[in-house]
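Chain and residue survey
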Amino acid sequence: MRRIMIDAHVHLNPCGPTAQALIDAHRRMTASTGKHPLSVFMLAEQAGLTAFAGLRTHGIATEESESLWLSDKAGDILVLAGRQVVSAEKVEILALATAACFPDGQPAEQLVDAMIDAGALVILPWGVGKWIGQRGRVIDHLLQRDERRQILLGDISARPRFWRERRLRARPVLRGSDPLPIKGDSRRIGTFGTALDGMLSHHRPAADLRALMRSDMANARSFGKPVSAYHLLRDQIRLRLGQ
């Protein structure tokens, strides 16, 4: 068995050095544990972004279209493709560990069903103000109709400790950094996530990880700390000012 440390909500700047950003994040993970875990970065790319495709020139291919390996002297790094989609109701939904694409603007139920049919891990990620009001009611409806509990919830480093969320106690949670598109925030990658113990094959690691997450999330542990209220406010202001 090996410790697998997963950042399950990664955005990469396609104009920046994407491979180096993940190598740096892997080194932060390794330094924080003092061990040699397997680092996994699950991309959540928005429509039109192709960072995963760009990483293929730096990576080692597998038998899967949705996975690749990066090599570093500190250990192997697994990168998984995925998409962040916004439904017609303005609900954010992640389809992780999949090379499939899903269009924005479709009804949430339809998107979730399509993602499940594609074999993706389906995540409803928490976000500032995104689980309240009408969108909160859509989230509740999606969870209520999910009798087979195929939907996971997502937590991010931008949710400070004081911000309680009852839904995150209701079912398994995948955690990730969710860096913002502001200068320097890519350094958040790898600082917050979920740890599991297991084994992933070299040729079909995405399939192995999907199976592990669907069977062993009860033993998942979190790593990293959420941001402070000050940092949350500061980053939201910077985001709105386009900094």
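Above this text you will find the structure in question.
What this report covers is the structure whose coordinates are included nearby. These figures come from a predicted structure and were not determined experimentally.

Further remarks concern the overall build of the chain. A count of helical and extended segments in the chain gives six helices and twelve strands. Relative to a compact globule of 243 residues, whose C-alpha radius of gyration would be 18 Å, the chain shows 17 Å and is just as compact. Projected onto the principal axes, the alpha-carbon positions of the chain cover approximately 50 × 40 × 35 Å. Out of the 243 residues in the chain, the part that is buried amounts to 51%.

As for its position among the elements, M115 is in helix 3 (residues 108–117). Look at M115 and you get buried, because its relative accessible area is 0%.

Our focus in this paragraph is the pairing of strand 4 (residues 67–72). The buried fraction of strand 4 is high, at five of six residues. Two elements, strand 3 (residues 60–61) and strand 4, share two bridges in a ladder whose sense is antiparallel. Each bridged residue has a counterpart across the sheet, and for I60 the counterpart in strand 4 is W69. Counting the residues in the hairpin turn of strand 3 and strand 4 gives five residues. With six bridges connecting them, strand 4 and strand 5 (residues 75–80) associate as antiparallel partners. The residue of strand 5 that forms the bridge with S67 is L80.

Should the charged atoms of two oppositely charged side chains come close, the side chains can pair. Here the structure, examined in full by the defined rule, presents eleven salt bridges. Of the charged contacts, one joins E66 and R210 as a salt bridge, the two residues approaching to 2.9 Å between their closest N and O atoms. Taken as a pair, E66 in the loop between strand 3 and strand 4 and R210 in helix 5 (residues 205–216) lie far apart in primary sequence, 144 residues in all. Residue classification places E66 among the buried residues on the basis of a relative accessible area of 11%. On the basis of relative accessible area, R210 is assigned to the buried category, the value being 12%.

Thresholds, definitions, all that
- Residues numbered from 1 in each chain as written.
- Predicted model: local features only at pLDDT ≥ 70, side-chain atom pairs only at ≥ 80, totals over all residues.
- Heavy atoms only, no water.
- Helix = DSSP H or I, 4+ residues; strand = E, 2+ residues; numbered from the N terminus.
- Rg over C-alpha atoms; globule rule 2.2 N^0.38 Å.
- Buried < 20%, exposed > 50% of the residue type's maximum accessible area, 1.4 Å probe, protein only.
- Pairing = 2+ DSSP bridges.
- Salt bridge = Lys/Arg side-chain N within 4 Å of Asp/Glu carboxyl O.

Interpretation in functional terms is not warranted from these geometric data alone.
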